[in-house]
Protein chains: 2
Amino acid sequence: MNIKDIAEICGLSVATISRVINNDPRVADSTRKKVLSVIEKHNFMPNITGRSLRTQKSNKILVLLPTMDNQFYTSIIEGIQDKAEEKNYATLVAVTNLDQTKELKYLDMLKMNHVDGCISLFNTLDPEKINQLSSKFPFVQCCEKTIGADVSNVVIDNETAVFETTSEFIKNGHKTIAFISGDYYKYSERSREAGFRRAHQQADMFLDEKLIIKHFYKYTDGADAVKYLMHLEKMPTAIVCASDSLAIGAISELKKNDYKVGKDIFVIGFDNTSITEFYNPSISSIAQPRYELGQEAFNLLHQKLINIHSTNKKIILPYKIIHRESTGY
Amino acid sequence: MNIKDIAEICGLSVATISRVINNDPRVADSTRKKVLSVIEKHNFMPNITGRSLRTQKSNKILVLLPTMDNQFYTSIIEGIQDKAEEKNYATLVAVTNLDQTKELKYLDMLKMNHVDGCISLFNTLDPEKINQLSSKFPFVQCCEKTIGADVSNVVIDNETAVFETTSEFIKNGHKTIAFISGDYYKYSERSREAGFRRAHQQADMFLDEKLIIKHFYKYTDGADAVKYLMHLEKMPTAIVCASDSLAIGAISELKKNDYKVGKDIFVIGFDNTSITEFYNPSISSIAQPRYELGQEAFNLLHQKLINIHSTNKKIILPYKIIHRESTGY
DNA sequence: ATGAAAGCGCTAACAT
DNA sequence: ATGTTAGCGCTTTCAT
């Protein structure tokens, strides 16, 4: 059942049917009614592939997601999807699992016009590739940006977030503070580490490099980091974690070793995922405005969708430090 | 830059270029080499929309995901994706957020041949619609199936899993056992509840209906359930939860009220997500073979991809009850 | 207001 | 081994 069949049934040309489908006003009301009833009766749906081939548009966007294994992304994607829906775009998610081959394969969908645009929540492409891609195709970055690339993006000020958090700890008398992070999402990790270092510099406080531990974001990585820290000469009294999962792993291990988290030692996570309130102790965390990040990302993309040559915008949204039991509240 | 341009540059017909692209052996080696070098040089990529329109195939499959807000789905999708990749299919994920309008919109992609097949991790369509859809398009269900529909699917034996778990509790002397569940994923929830009831029947144990609490799967739902249970005349000594999130919410609330979980009261979750090992106490859980569920789902889909009229298969994979501190281990 | 026809980029049947 | 050509389903320009 295609547009031609409908045309035959109606005794009209395909052009007229197409006009009806696309709400073209140049169709007689009576004709429109008849066509619509036939379409209805036969459950006809225009073939989107044919349409895409002709219009060079798909009305779909692609979200490049590094991993499903993180609650953090949930509301970002909701934000994207809600805004996209407003503009009549369907949102498709591709999970890359930090595998560049997969990234490239999915980005081909963009290059081949199978989707009209792409929002990357993380990718491993180098700046030149990113610049090249985004100059030709609507492409924006959200939360993670490529350092050195000139692309529309929306992030929070990761550096200042950790600077402020660490400075707070220092002000409250902590002399030995650890920083646990992954070693993959270059932009956010480096910014956060930089904030951690700057807080020490500004306070004229010596920073032992052993206190900076970088692996990955599994619970075990947080636990392993604590095991390592416990072997140091001076056990830290505060730990800044680059994710809530690391904080959970760390706290879990600390409790096993009878540390009183929130008393003997303070721990803060990152992203303020919902588990933080239900862990024991409840976990302090640096919150990102996830839903808004998603919304803004789509807004940026939409500008590129309308005009690929529109200027690249960089948006910074506010973060929020939320204290709970794990930092003594 | 399209196939025609390449043909012109090479001084060949588009047919020959197409043959090279598709590894058709009927091309002279020298010609193939020349064409490949030109393709390489110009970074040519065949337009997949044109190809799809012609072949009526997209080499893409769609995964219908009810929510991103659940670690449970992570490895299922990995399983799907890995198997799909083997067969040269790209995997796209669509998040429906339990919204039927969205489900239908994404399923249109299937009907319009924009994807070749679909694996549903949950949907709200009624049996007739599902039967109709799956008779025409490759469509299988994974983890959640539609009761009354005849579609290929792969699940675990939810009924027996909870029956066995509950029976264990009863055997160990528990007289008052609660069951906390959501009230949305009809198939799994009803099966689990049925298993809970059957365990009572088989043990000739009275079951107070107040002990069955059904809301949703947020942490708060687990906490709320416990608040309610604490008001009952007889506080249960064991709680079977239909998800790990409910177990976490429940345990969190129990601890707030000074219950010793794993001693005063036993709690078991469902799905064995990774947090269970890092919560305090560690949480017992009923494990589903998530990665294998995903793999089998794709296998089932692939049979339909090859032959839409192949018989519908129903696969049941084994579950595993894993005891940790929350049930006294 | 409606129709005819071209063409989006590709593949495949048929021809040479 | 290579080319010619039709056509996948649709939109849109140009005619009527």
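Quick caveat: nothing in here was measured; it's all calculated off a predicted structure.

1. What about the protein's contact with DNA strand C?
Okay, so step 1: Close contacts around DNA strand C come from 27 residues, with Arg-19 and Thr-31 of chain A together with Ile-3, Asn-47 and Arg-54 of chain B the closest.
Okay, so step 2: The share of sugar and phosphate among atoms of DNA strand C within 4 Å of the protein is 62%.
Okay, so step 3: In this structure, Ala-28 of chain A approaches DNA strand C through a main-chain N or O atom, which is 2.7 Å from a phosphate oxygen.
Okay, so step 4: In the environment of DNA strand C, a phosphate oxygen lies 3.2 Å from a nitrogen or oxygen atom belonging to the side chain of Asn-22 of chain B.

2. What about the interface of chain A and chain B?
Accessible area lost upon the coming together of the parts is a frequently used measure of interface size.
Okay, so step 1: With 49 residues of chain A in contact, the opposing surface of chain B contributes 49 residues.
Okay, so step 2: When the two sides are added together, the surface that chain A and chain B hide from each other amounts to roughly 4600 Å², 61% of it contributed by carbon and sulfur.
Okay, so step 3: At the boundary of chain A and chain B, one finds three salt bridges.
Okay, so step 4: The salt bridge involving Glu-85 of chain B is made with Lys-105 of chain A; its shortest N-O contact spans 4.0 Å.
Okay, so step 5: Taken together, the links from chain A to chain B amount to 14 residue pairs in polar contact (both at pLDDT 80 or more).
Okay, so step 6: Only helix H4 (48-55), strand S1 (60-65), helix H5 (72-86), strand S2 (90-95), helix H6 (100-111), helix H10 (219-230), helix H11 (244-256) and helix H12 (275-278) of chain A provide two or more residues apiece to the side of chain A that touches chain B.
Okay, so step 7: It is H5 of chain A that provides the largest number of residues to the side of chain A that touches chain B, a total of seven residues.
Okay, so step 8: Class assignment of the residues belonging to the side of chain A that touches chain B gives a composition of 23 nonpolar, 16 polar and 10 charged.

3. Concerning empty space enclosed by the protein
Okay, so step 1: Within this structure, the stated rule accounts for one cavity of 30 Å³ or more.
Okay, so step 2: Considering only enclosed or pocket space, the largest cavity measures out at about 30 Å³ in volume.
Okay, so step 3: Lining the largest cavity we find Met-68, Asp-69, Asn-70 and Gln-71 of chain A together with Met-68, Asp-69, Asn-70 and Gln-71 of chain B.

4. Quick look at the sheet that holds strand S6 (residues 177-182) of chain B
Residue and element names in this part refer to chain B.
Okay, so step 1: Read from one edge of the open sheet, six strands run S7-S6-S8-S9-S10-S12, paired in mixed fashion. Two strands lie at the open edges of the sheet, namely strand S7 (212-215) and strand S12 (320-322), each paired on one side alone. Across this sheet, the average inter-strand angle for adjacent strands is 15°, counted without regard to direction.
Okay, so step 2: In the sheet, strand S9 (residues 266-270) pairs with strand S10 (residues 284-287) via three bridges, with the strands oriented parallel. Paired with Gly-269 across the bridge in S10 is Ser-285.
Okay, so step 3: In the packing of helix H8 (residues 158-171) onto the sheet, the strands contacted are S6, strand S8 (238-241), S9, S10 and S12, and the crossing angle to S9 comes to about 170°.
Okay, so step 4: Sitting on the sheet, helix H9 (residues 186-202) touches S6, S7, S8 and S9, and the angle it makes with S6 is about 170°.

5. Here's the deal with the UniProt feature "domain: HTH lacI-type" (unreviewed entry) in chain A
Okay, so step 1: As annotated in UniProt, the feature "domain: HTH lacI-type" (unreviewed entry) corresponds to residues 1-55 of chain A in the numbering used here.
Okay, so step 2: Taken end to end, residues 1-55 of chain A has its terminal C-alpha atoms 21 Å apart, with 69% of it in helix and 0% in strand.

6. As for the protein's contact with DNA strand D
Okay, so step 1: Taken together, the neighbourhood of DNA strand D is formed by 28 residues, with Ile-3, Asn-47 and Arg-54 of chain A together with Arg-19 and Thr-31 of chain B sitting nearest.
Okay, so step 2: Take the atoms of DNA strand D that sit within 4 Å of the protein: sugar and phosphate atoms are 58% of them.
Okay, so step 3: Here a base oxygen of DNA strand D and a side-chain polar atom of Arg-54 of chain A are 2.3 Å apart.
Okay, so step 4: A distance of 2.2 Å separates a base oxygen of DNA strand D from a polar side-chain atom of Arg-19 of chain B.
Okay, so step 5: Mapped onto the surface near DNA strand D, the elements with two or more residues apiece are helix H2 (14-21) and H4 of chain A together with helix H2 (14-21) and helix H4 (48-55) of chain B.
Okay, so step 6: Residue classes in the surface near DNA strand D are distributed as 11 nonpolar, 11 polar and six charged.

7. Digging into the relation of the copies chain A and chain B
Okay, so step 1: Note on the identical chains: chain A maps onto chain B by a rotation of 180° and an axial translation of 0.1 Å, with an RMSD of 0.1 Å. Each copy turns onto its partner about a two-fold axis. Every residue of chain A has its C-alpha some distance from the rotation axis, and the shortest such distance is that of Val-93 of chain A, at 2.4 Å.
Okay, so step 2: Of all interface residues in chain A, 100% are interface residues in chain B too; the two copies therefore contact each other through one and the same surface.

8. Observations regarding the packing of helix H10 (residues 219-229) of chain B against helix H11 (residues 244-256) of chain B
Residue and element names in this part refer to chain B.
Okay, so step 1: At a closest axis distance of 6 Å, the pairing of H10 and H11 adopts a crossing angle of 50°. Comparing the axis directions of H10 and H11 gives the class oblique. The two elements H10 and H11 meet at a crossing, and its hand is right-handed. Contact residues: H10 offers Tyr-219, Asp-221, Gly-222, Ala-223, Val-226 and Lys-227, while H11 offers Ser-245, Leu-246, Ile-248, Gly-249, Ala-250, Glu-253 and Leu-254.
Okay, so step 2: Counted by class, the contact of H10 with H11 contains seven nonpolar, three polar and three charged residues.

9. Structural notes on the packing of aromatic side chains
Each aromatic ring pair is summarised here by two numbers: the centre-to-centre distance and the angle between the ring planes.
Okay, so step 1: A full pass over the atoms with the stated rule returns 23 aromatic pairs over all chains.
Okay, so step 2: Look at Tyr-279 of chain A and Tyr-279 of chain B: their rings are 5.2 Å apart centre to centre, the planes differ by 80°, and that puts the pair in the edge-to-face class. In this pair, Tyr-279 of chain A is assigned in the loop between H12 and strand S10 (284-287) and Tyr-279 of chain B in the loop between helix H12 (275-278) and S10, connecting two distinct chains. Accessibility classification places Tyr-279 of chain A together with Tyr-279 of chain B in one group, the buried group.
Okay, so step 3: Where Phe-122 of chain B meets Tyr-185 of chain B, the ring centres are 4.6 Å apart and the plane angle is 70°; that geometry is what we call edge-to-face. Of this pair, Phe-122 of chain B sits in the loop between strand S3 (117-120) and helix H7 (127-136) while Tyr-185 of chain B sits in the loop between S6 and H9, and the two are 63 residues apart along the sequence. The burial state of Phe-122 of chain B is the same as that of Tyr-185 of chain B; both residues are buried.
Okay, so step 4: Aromatic ring contacts, followed pair by pair, group Phe-122, Tyr-184, Tyr-185, Phe-216 and Tyr-217 of chain A into a single cluster.
Okay, so step 5: Note that Arg-192 of chain A overlies the ring of Phe-270 of chain A, its terminal NZ or CZ placed 3.5 Å from the centroid.
Okay, so step 6: Stacked on the ring of Phe-163 of chain B, the Lys or Arg Arg-198 of chain B has its end atom at 3.8 Å from the ring centre.

10. Digging into the pairing of strand S5 (residues 153-156) of chain B
Residue and element names in this part refer to chain B.
Okay, so step 1: Along S5, one buried face is formed by Asn-153 and Val-155 and the opposite face, lined by Val-154 and Ile-156, is buried too.
Okay, so step 2: Relative to S5, strand S4 (residues 139-142) runs parallel, the two sharing two bridges. Considered in S5, the bridge of Cys-142 is made with Val-154.
Okay, so step 3: In this sheet, strand S11 (residues 314-317) lies alongside S5 in parallel orientation, the contact comprising four bridges. Residue pairing across strands places Val-154 opposite Ile-315, the latter belonging to S11.

Rules and cut-offs
Residues numbered from 1 in each chain as written. Chains lettered and ligands numbered in written order. Predicted model: local features only at pLDDT ≥ 70, side-chain atom pairs only at ≥ 80, totals over all residues. Heavy atoms only, no water. Near = heavy atom within 4 Å. Polar contact = N/O pair within 3.5 Å; in protein donor to acceptor, adjacent residues only side chain to side chain. Contact = heavy atoms within 4.5 Å. Buried area = accessible area lost by both parts, 1.4 Å probe. Salt bridge = Lys/Arg side-chain N within 4 Å of Asp/Glu carboxyl O. Helix = DSSP H or I, 4+ residues; strand = E, 2+ residues; numbered from the N terminus. Nonpolar A, V, L, I, M, F, W, Y, C, P; charged D, E, K, R; others polar. 1 Å grid on protein atoms, 1.4 Å probe; cavity = no way out; pocket = protein on both sides within 12 Å on 5 of 7 lines; lining within 4 Å. Points joined across faces, edges and corners; volume = space filled by probe spheres on them. Pairing = 2+ DSSP bridges. Axes fitted to C-alpha atoms, helices over the stretch in contact; angles between N-to-C directions. UniProt positions renumbered as here; feature names shortened; annotations may be inferred. Least-squares fit on C-alpha atoms with pLDDT ≥ 70 in both. Parallel < 35°, antiparallel > 145°, perpendicular 65-115°, else oblique. Left-handed = near helix turned anticlockwise from the far one by under 90°. Phe/Tyr/Trp six-rings, centres within 6.5 Å; stacked < 30°, edge-to-face > 60°. Buried < 20%, exposed > 50% of the residue type's maximum accessible area, 1.4 Å probe, protein only. Lys NZ or Arg CZ within 6 Å of the ring centre and 35° of its normal.

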